[in-house]
Every structure is written in C-alpha cells, then in structure tokens.
Amino acid sequence: MSDRYQAIVIGAGHNGLSCAAYLARAGKRVLVLEAASRVGGAAVTREFAPGFSISACAHLLHQMPRTIVNELGLASHGLKFAAERMATILLSENGDNVRLPAQAGGVLSASDVASYSAFMVRMRRFAAHLRPMLDATPPRLGSGAWEDSAALLRLAWCIRSLGRTDMRELLRIFGMNVYDLAAEHFEAPALRAAIAFDALLGTNAGPRTPGTVLTLLYRLATEHGAAPAGMSQPVGGLGAVSDALATVARAAGAEIRTGVRVARVHIRNDRAAGVLLEDGTIIEGGHIISNADPRTSFFGLLGTEYLDTGFVRRVDHFRQSGQAAKVHLALSSPPMFRNLHPDGLRERLLIAPSLDYLENAYNASKYGEYSDAPAIEIVVPSASDSALAPPGLHVVSAIVQYAPYAHKAGWHTVRGAFLERVIDTIEAYAPGLRQSILHSELLTPADIETEFGISGGQWHHGDLAFDQFFMVRPVPGAAQYETPVANFFLCGAGAHPGGGVMAVAGRNAALQVLKKAA
Amino acid sequence: MPAVAIARPKRYDAVVLGAGHNGLIAACYMARAGLSVLIVERNSYIGGAAVSRQLYDDFTYSNCSYVCSLLRPEIMRTLELPRHGLQIIPYEGGCTMMRNGDHLALYDNHDALRREISRHSPRDAEAYDRFARDMLRQCRFIKPLLMRTPPDPTSFKPRDIMELLYLGQRFHRMGETRMYDTLRFWTMSCADFLDEYFESDIVKAHLAGSSIIGTALGPRSPGTAYVLLHHYMGDIDDAVGAWGFARGGMGAVTRALASSLRASGGEIRTDAGAERVITSGGRATGVALADGTEVRAGIVVSGLDVKRTFLGLVDKHDLPGEFHRQVENFKIRGSSGKLNIALDALPSFPAIPEGAPCIRGDLHITDTIEMMERAYDDWKARKWSQAPYVDMLIPSQIDPTMAPDGKHYMSVFVQYCPYELASGPWNDTKRQAFGETVIEAIARHSPDFRKLILHAEIRTPWDIENEVGLTEGNIFQGELTMDQLLFNRPVPGYAQYKSPVPGLYMCGSSTHPGGGVMGAPGANAAREILRDLRLGGLR
C-alpha cells in the first residue's frame, strides 16, 4: 500500500493547489486531479483573441496573505508583480475623478478626506481584530469539544479586546447596510459609492441590503495581513499565481494531473476511499478533498444517497447564484478616460457614481434582469504588463454588476444587448472606446459556470451573507472542512473563509486534514 | 400645614412624557410601587398610537395601530386590564386575494388549513407544519427575552455577565441543529427563509406580509425573517401567534391602562406637551411644558422616541458627543401609511368564497414576493408604492361598536409610503393621490368598494409624525434591524432604559424589544427604575 495516495484533491484551483502544497510539505503523498487542461480554476490567464491574454475570472490579487506567500515561498517560485499597491480611481463622467486613498487637494472636501482616513483607520482596526478568525477552522456549536469552546472564547476576546467604545461601534455596524454607514460618514456621493462598491463586489446585495457592512469588513479583513504588494497585478496575469502554487506543490512532491475529470467520490464502508474517474478507473486515496463548490461537491461528486435529508435540504438551499459578469476587450489603442493621466490606466478604475446608482443596478438583478446602468470595476492589464497584448495594443478586463445567473429571458437572447450596454456605459467615461475595440468577450455567470465548473457561476462559490458565513459556511455540518462522510473534505471557496484569490480555505483545510490524520 | 406650601406646585416622584401605551404601562407599575406619578400628554386625548377616534359620524377608527396580540399577557394580568374594561376578541386567519381571481386563506382548523394550502401546492401543505413548528420554536426561545433587560456585552458587571451567561445557556440548550437554525433565522431575509419551506408564490407572499409591516426593508432584505417573528410573538389566551381586536378599537387598550393608572393613584394631564427636560447639576429634575409651566419630579421617563427625546427635549450639552451622534444616526424611517374608511355596507370580494370566515381576518392583495419587493423599490426611490402591500381589516364585523348598524369600518395599513417624496413635501393633492392609489388597488378586487366609501381618512408618515409625534411616522419608534435590536437598541451602551442624563429614563418602543402594542418596553423600564430606586420588582 506504500504507493497509495494519502490525499486526493479534486480540482486545481488556487485553494486546491495550496491545500495540496501544504499536505505535500507535511509529507503526505498527494494527487491533484483537474478536469481542465491547465491548472488554476478561476485564477487563470488565457488567450481570448489571437495575441490577447486576460485573467479570465479573477483579475486582481489583493487578498493573498503574507503568511501563505512566505510559507510557500511563492516569490521564489515565479510570482512577480507588474503593478503593486494599485490605487482605486472612481471615474466621473465629467472628469472629477476621485482617487483613493483620499488625499487633500483633490475633488473631495477637506472634511471628507479627514473622515475617510479616520473611517479607514477604524475599519482596519476592526478588520485586524477579525482577521484571526479567517485563518482558523470555525468552531462547531454544541460539540462539547474544548477546542470549539476555545475558538468561541477566542472570537469573544478578539472583539472584546477592541475596548469598550470600538466594540460597541463594531457591534452596532456589524448588521448594518453600507448605504447607511457610508452616508453617516461622508458627503460626496462618489466617496460613498466607492466605499459601497467594495462591499458589493461579488455579492448578491445592493448598498441598502443589511449585511453589506459585514462584506466590507470581510474584504478589509482578507486584505489585512495580505502580501506587501497590496492590490496588485501579477506578471502574466492571475494564472501566474496558480502556476507558482502548482510549482510549489510539485516541488513538495505532489502529483498534479490535468485533463482528468473525476466522476464520483468512491465510497467504501460509508467512508470516502478514492475517486472514480470518468473513464471508469478508480484511484484510491486516504482523504478525498474537494476544491469544487458545495453543490457540485455534494450532489455531483458525492451523491445524496450518502447524506441525510436535512443536510441535503441545506445544501440545496445554499445560495450560490452569481451576479457578476466579466467583459474582456481587445483594443487598438489605450482607452482614454476623461481627465485620467495615462499612468492612471495602471490603477483600479470604478464606475459607480452614487449609492442610488448602485441600488438601482441591483434592483434589476432581483427580478432576473441585468442592470441597464451597471457598476463596473475596470483594469487595463496591458498598461502594466505589455506581454498580454501585441505591441501597442491593449486589453481591458471588467467585472460588471449586476448580471443574474438566470436571466429571465435566457442569456442567449440578451447577451448581445448586455455587452452593448456595458460598452456604452464605459464609453460614456472613455469616449472613443467603441472605435478601438478589436475583439470583445462576455462571460455571464452562466458562462463562468460552464468554463470554470462553478455551479451558479459565483466566484465565491456561494453568497456572502450572514447565514452563509463562518461557522455556517457552507452549511452547518460541513463548516469545519469535514463533511458528514468520513474522509471527505471541502477546501474550496464555498468553505470558510470564502472566495477571492487568497488560498486560505485550502490552507485551513489542509491543516484540518492533518489534524484529523494525526 | 403652612399656607405657602399649598401654593407650591406638587413635586412628583416621576413624570412620564407621553400617554402612549408604554408610557402608561411604565406609569402604572411605578404608581403601584407607591410613587407619585404624572403623565404629560401633548394631545388632547391619551393613547399615542393606540387610540380610537370618532372622525366621521358614528364610526370609530383605530386610526393608528389596529390589531392586538403582542400585548404581554403578564402585563394584562398584573394591571388588571380586563377589569378596567379591556376585552380582546380573537379573529381567525385572513386571506390573500390573487390577481387571477383565486385566493389563499388561513384557517385555525388544521384540516381545513391543509386542504386550503394543498389547493395551491400539496408539498407546501406538508411544509407548513414544519414551518409552524420552527416558528413556534423560535418564539419560545425569544419570548422570555422580551421581558428582560438586555445585557451590555462590553460590561464586566456581574449582572451583565450573568445575563450573557443566561442567554448563552438558553441558546446552548437548544442543541446543535437548532442553534444553527436560530443563527441563520435571525440573519436571513424573509424571502430566503420562506424559500426553504415553500414552493408556491401565493403561500410565500401571504406569509411574507408580516416581515415588512412597519419596516423600511423589502422581503429580500436580510433581517426580515426576524421581523416576521416579531409579528408572531403575540398570544391571546395562550394561542401563540393569534391576533385579535380590542373591543371598541385600540383606544380601549390605553383607556384600560389609564383607568388602571388612576386606580393606583397616578395622574394624567392632557394638552400638556413637553418642551424641554429640566436638568440641574446634570440631573433631570422635571419638564418644562409648552404653556410655560414646569413640572418638578424625582425622575423623568420619556415614552417618546429617542430622536424626539434627545434631539428635541434635552440640551445637547447635557449629552456625551458620541451618544448624540448615535441618536442622530438612529434609523427611524417612515415607511407606512394608513387609510381609515367608513363604508356604507360590507364590500364584496369575489375572490373570497361566500361565507368563508377569512373575510373577518386580515385581507391582502399582494400575491407574489416580487410584487412586494417592487413595492419596496418604489419606497427606495421615495415614491409611494404603485402596487402597495395592504393589510385590510373590517373589525366592525366582529365588534359592532365600531360602526353604525349595517355599516362598516375598514382599516387599511399600507406599505410602503415614504416620509419624504422625491417630488418634495407632502401636500393635500399628493395625499389624495396616495389614497387614490390604495383605493384603486383594492377596488380591483372589489367591484362595489369604491361606491360604498362614505369617508376616508388618509394618513401618510408625515401625518402620523405630526399627530402622534412618532419621528417620520415610524410605527416601531425605530427600525427593527440587527443593528437596532437587543443591546444595540436604541444605541449601544444605553440599552438598559437609562440615558446618559441621570434621572432621565426611556420607556418607548425605541428601546428593547421594540414596537407593536406589546408593552414590554414600558414594563422593562419600570422594572429598571424601581430597581434603581430600590423599590423591588414589578408588582
């Protein structure tokens, strides 16, 4: 049995790869199986038009923690940055762009600039106190185990150690919506919207939806302790992150096979004991760890026959419908945003003029329609990394909200019109854009589902909301990376702490597997 | 006794601002503990938002709150409200009329209920039992907390720590699965919550109504599952979730309370609006009234909402800056309107079968969650809902004192209606247009409705604020959102009915556990006051 795999990871996304890397480093014999022809999952760079490459899903790196970068030595395994510490620029149709972090002398009033820095200091303080929660397995309620009680006490202490005033403020804002919070602190509509945008990116929520302060704190907590590069663009796109992780995993002894699709988890004596490939082969393994989303993991790979009805119902009600689309443009000339210095193309650009604009954009998605006036995060990767496009030409990557996974008219009938709406929206800020478009590509959440195998096409593998966070993520009974089926684990974004290219779920899952195997 | 002493105005042990039900209840408990108590009320009548008013002919309107169920039974018993004239008449569940001419009714009889839901979805009929059981379980968990003072989680006082432990223990005793259910329940949207049980639009729409009443949230907003529960917490004669009418209208509740108060020696002065809380050496010592008189008292207890109390009556310099800022940020949003309609006869509703008892319950015309959510979208754009959610009741069918023979009084609660319109302030034309939108929506389900209308009182949040005094006309004295519940209500650090000004207490619905004619805030505040004065518990 010496050649038997001790762990098989299904899916080579960033979490699957980091999980494999940590397990391999701990001396485990690890096999990673990836259905696609290359590793990376949603952190991948691919050509979308001849000569034009793009980070096809995630397009910025800002949440990968320093600990993981250092522990795995990603820098020495090929991770380099084309742009670091990128600023955020909120675009304005009339050129009054707002640059963040806010500085005096810009479009913002002095009082807004002062409020902004005070606000961010306080929010980052909250984030710093919440951060340790992200890096550990969430406690399980009612287990009676001392480690779960200890984890709950640790959580209580993290919050209490803020001191009375800040603790009260945290407890107050925790359940609020970002609309009210931003309005409490700032005057300028653009600044309010910029704060809200970060809370909404990748969620199924509008600024008035309670829980959006939580998602803002979540984002800040993931960024706390991130690598010094901050908001960054890796050389070669996000695929370079996955490649570095794969290199590390292989160097540690893990075996990675691409183009191999797992059909089912192989169960023996009610325990996961291997995987059944689509070609009928069975590969035996000690621990089977799924990088796939919860629905795919439990209904596709495992099968409901091994789960009780209550658990199945919970997984079935796990909300994981994507609301964000990707648009990729190949351009013959750099986009000319009003009043934006060419260096500004190396930053992160937002179209989100006001809170009401964001709320209206969200309204449409509630009824299965796309936003007529969408909120957009734009990056121009070729401005920092010329290898992504032929000389002198450019690529644009945009995340567009909101575009519901299931459009009520069916995406095939409206996708053309939606892409036009997106281009028109950007054109209003960058006149002449349309004439310079050589190629364009739209990925709706339905396309993301097909291309990346994420059920619902939601890059977090599941909505970020109170009832799907922390010790109830993805569902009670599977929130500690373990599942009701022995030896079957989760390590994807559907598990705590969620998505975004940070590889934390993979690391936490690996540590949990090692603890159970010990 | 020397003659000079007679001329001196009486100094009360406690003066209560506002003769709403919570002010009355707090006053009753204080008077029963032997304190001399005076309530000052701005209006010429008592009751706050629990009033019966004759505004047209011989019709009696419950022109603000309109049904009764949440009033805590222990309060009803201790203050002997039945003896003071309060009679609650329960009614059976209501129904939602559908745009396709069908309807969904809820019946007390379990078999009838199952048959009715099965007409729409057999699966939902099965799910309903599970739903009802889970709701009941949540009610049982939360109910004992209503009559308790929330702990301050930042405090190291033994009392707060013990209370936190009590909560933790109660929670823990539910067992693993129920603990997770509870965590999720408290934070979910009503739409998501109902999706976990039901498949049919009409069943979900009917049940979701309670989750939006009085709130500036839509059924898809997280936190609304809790609001749903908030409306389920009532019980009449131990029937959990049951609703009833107060015989003689909602004013009967406050009339009984006033009678109970007088029986204990308390006094009420109407047409006596408070202008300012008087402080001396940083301590509240009385109130100055609008007519220039001053009432001196040992303590001041405000039944008004926190904004009105602290931004309107208390000098800013008497308050810590952080507290003042948080009161300013307290969310208290007008989102509901009300029509009170005098009808020449009972209107017909073709969707409701002849003789069905649901006509005597709450009637609705919103048959999908989407319709409800779109009504909310209008509010966000500061318009009244073009297809509003209405909660209609015709109490005169059960309580003949509400209208002359053969005629009927209909109460129509309307969600959503903004406090401020995008087009500018409310005026008569807009108020009429708002009323017309509601009447037209109802008339679509009742061909003879419009011609039976004898008189209609149309109330926008702006009107409710001006008449009742509730800021923005918010019926709960503050949104029931996660950031404004329990130890956060009304503001963190001041959830124990005390304010930063010594001697000034809060007893209105702005405090835990919030609004509805429940009375718990008034009773809880009185308990804290008696505790501070070392007068023992409530009795």
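Here the structure is a predicted model, which means the values were calculated and not measured.

Conventions and cut-offs
Within any chain, residue numbers begin from 1 and follow the written order of that chain's sequence. Think of it this way: whatever chain is written first is A, whatever ligand is written first is 1, and the rest follow in order. Confidence filtering applies because this is a predicted model: local features only for residues at pLDDT of at least 70, side-chain atom pairs given and counted only at 80 or more, and all residues used for totals across whole chains, interfaces and linings. Segments assigned H or I by DSSP are reported as helices when at least four residues long, segments assigned E as strands when at least two residues long, and all are numbered from the N terminus. Using C-alpha atoms as the atom set, the radius of gyration is obtained and then compared with a globule rule of 2.2 Å times the number of residues to the power 0.38. Residues are called buried when their C-beta atom has 20 or more other C-beta atoms within 10 Å, exposed when it has 12 or fewer, and partly exposed otherwise; all C-beta atoms are positioned from the backbone. Each residue is represented by a C-beta atom placed from its backbone, and any two residues with such atoms within 7 Å are regarded as in contact. All axes here are fitted lines through C-alpha atoms, helices being fitted over the stretch that makes contact, and every angle between N-to-C directions spans 0 to 180 degrees. Working definition: roughly parallel below 35 degrees, roughly antiparallel above 145 degrees, roughly perpendicular at 65 to 115 degrees, and oblique for all remaining angles. Gly is placed with the polar residues, together with every amino acid not listed as nonpolar (Ala, Val, Leu, Ile, Met, Phe, Trp, Tyr, Cys and Pro) or charged (Asp, Glu, Lys and Arg). How far each domain reaches was decided by an automatic or database domain assignment. What makes two strands pair is DSSP finding at least two bridges between them. For every residue, the predictor reports its confidence as pLDDT, a number between 0 and 100. A set of buried residues qualifies as a nonpolar core if it consists of Ala, Val, Leu, Ile, Met, Phe, Trp, Tyr and Cys joined through C-beta atoms within 7 Å.

Peer 1: Go over the overall build of chain B with me, naming the residues and quoting the values.
Peer 2: On a plain count of helices and strands, chain B comes out with 18 helices and 20 strands. The C-alpha atoms of chain B give a radius of gyration of 23 Å, which matches the 24 Å a tight globule of 539 residues would have. Principal-axis analysis of the C-alpha atoms places the extent of chain B at approximately 75 × 60 × 50 Å. Buried positions account for 55% of the 539 residues belonging to chain B. At a minimum sequence separation of 6, the contacts of chain B that also span at least 24 residues come to 73%.

Peer 1: Break down the packing of helix 7 (residues 189-200) of chain A against helix 8 (residues 212-223) of chain A for me, with residues and values.
Peer 2: Residue and element names in this part refer to chain A. Between helix 7 and helix 8, the shortest axis-to-axis distance is 7 Å and the interhelical angle comes to 80 degrees. In this view, helix 7 runs roughly perpendicular relative to helix 8, as classed from their interaxial angle. Seen from helix 7, the contacting residues are Asp198, Ala199 and Leu200; seen from helix 8, they are Thr212, Val213, Thr215, Leu216 and Arg219. For the contact of helix 7 with helix 8, a count of residues per class yields 4 nonpolar, 2 polar and 2 charged.

Peer 1: Report on the interface of chain B and chain A, specifying residues and quantitative values.
Peer 2: Each partner contributes to the interface: chain B provides 30 residues, whereas chain A provides 28 residues. Looking at the side of chain B that touches chain A, the elements that each hand over two or more residues are helix 7 (176-187), helix 8 (190-195) and helix 14 (369-380) of chain B. Looking at the side of chain B that touches chain A element by element, the count peaks at 6 residues for helix 7 of chain B. Split by residue class, the side of chain B that touches chain A holds 8 nonpolar, 10 polar and 12 charged.

Peer 1: Explain the domain arrangement of chain A to me, and be specific about the residues and the numbers.
Peer 2: Residue and element names in this part refer to chain A. Segmentation of chain A into domains returns domain 1 (5-42 + 66-79 + 232-319 + 456-517) and domain 2 (112-223). For domain 1 and domain 2, the distance between their C-alpha centroids amounts to 27 Å. Taken residue by residue, the interface counts 19 residues in domain 1 and 17 residues in domain 2. Classifying every residue of the side of domain 1 that touches domain 2 gives 11 nonpolar, 6 polar and 2 charged.

Peer 1: Let's hear about the pairing of strand 13 (residues 324-331) of chain A: which residues, and what values?
Peer 2: All names here are of chain A. Across the 8 residues that make up strand 13, a large majority, 8, are buried. Residue alternation in strand 13 divides its side chains into two sets, Ala324, Lys326, His328 and Ala330 and Ala325, Val327, Leu329 and Leu331, and both sets are buried. Inspection of the sheet shows strand 13 paired to strand 16 (residues 394-401) by 8 bridges, in the antiparallel sense. In the sheet register, Val327 faces strand 16, and the bridge partner there is Ala398. Two strands pair when backbone bridges link them, and strand 13 and strand 17 (residues 437-443) are joined in this way by 6 bridges, in the antiparallel orientation. By the bridge assignment for strand 17, His328 is matched with Glu441.

Peer 1: How would you summarise the confidence of the model for chain B if you had to cite specific residues and measurements?
Peer 2: Summarising the model, chain B shows a mean pLDDT of 94, and 97% of its residues fall at 70 or more. Interface predicted TM-score (ipTM) for the complex: 0.94; the corresponding pTM is 0.96.

Peer 1: I'd like a description of the nonpolar core, backed by residues and values.
Peer 2: In this structure, A:Ala20, A:Val32, A:Ala194, A:Ala196, A:Leu217, A:Ala249 and A:Ala509 are the most contacted members of the largest nonpolar core, which totals 180 residues. Considering each element in turn, this core owes the most residues, 9 residues, to helix 7 of chain A. Per-domain counts for this core show at least three residues from each of domain 1 (5-42 + 66-79 + 232-319 + 456-517) and domain 2 (112-223) of chain A. Not counting chain neighbours up to four residues away, the residues in contact with A:Leu217 comprise A:Met123, A:Phe126, A:Ala127 and A:Leu130. Counting residues in each nonpolar core, the second largest holds 162 residues, with B:Ile39, B:Tyr128, B:Met233 and B:Tyr376 among its members.

Peer 1: Let's hear about the sheet that holds strand 16 of chain A: which residues, and what values?
Peer 2: Residue and element names in this part refer to chain A. Read across the open sheet, the 7 strands follow the order 7-6-14-15-16-13-17; overall the sheet is mixed. The sheet terminates laterally at strand 7 (98-100) and strand 17, the two strands that pair on one side only. Strand after strand, the sheet turns through a mean of 20 degrees between neighbouring axes, direction not considered.

Peer 1: I'd like to hear about the environment of A:Ile454, residue by residue, with values.
Peer 2: For A:Ile454, the location among the structural elements is in the loop between helix 14 (445-452) and strand 18 (488-490). Each C-alpha atom, one on A:Ile454 and one on A:Ser436, is 33 Å from the other, the two residues being 18 residues apart in sequence.

Peer 1: Residue-level account of the domain arrangement of chain B, with values.
Peer 2: All names here are of chain B. The domains assigned to chain B are domain 1 (3-51 + 69-87 + 248-331 + 479-532) and domain 2 (89-246 + 336-417 + 420-459). Using C-alpha coordinates to define each centre, domain 1 is positioned 28 Å away from domain 2. Each partner contributes to the interface: domain 1 provides 31 residues, whereas domain 2 provides 26 residues. Every element with two or more residues in the side of domain 1 that touches domain 2 is listed here: helix 3 (73-78), helix 11 (251-263) and helix 18 (520-532). In terms of residue count, helix 18 provides more of the side of domain 1 that touches domain 2 than any other element does, 4 residues in total. Residues that form the side of domain 1 that touches domain 2 fall into these classes: 15 nonpolar, 12 polar and 4 charged.

Peer 1: Can you tell me about unusual backbone geometry, naming the residues and giving the values?
Peer 2: Across the junction of A:Gln401 and A:Tyr402, the peptide omega takes the value 10 degrees, indicating a cis bond. Tracing the chain through its elements places A:Tyr402 in the loop between strand 16 and helix 13 (411-427). Residue B:His512 is joined to B:Pro513 through a cis peptide bond whose omega torsion reads 0 degrees. Position of B:Pro513 relative to the elements: it lies in the loop between strand 20 (504-506) and helix 18. In this structure, B:Glu472 is a non-glycine residue whose phi angle is positive, near 55 degrees. Checked against the element boundaries, B:Glu472 lands in the loop between helix 17 (461-468) and strand 20.

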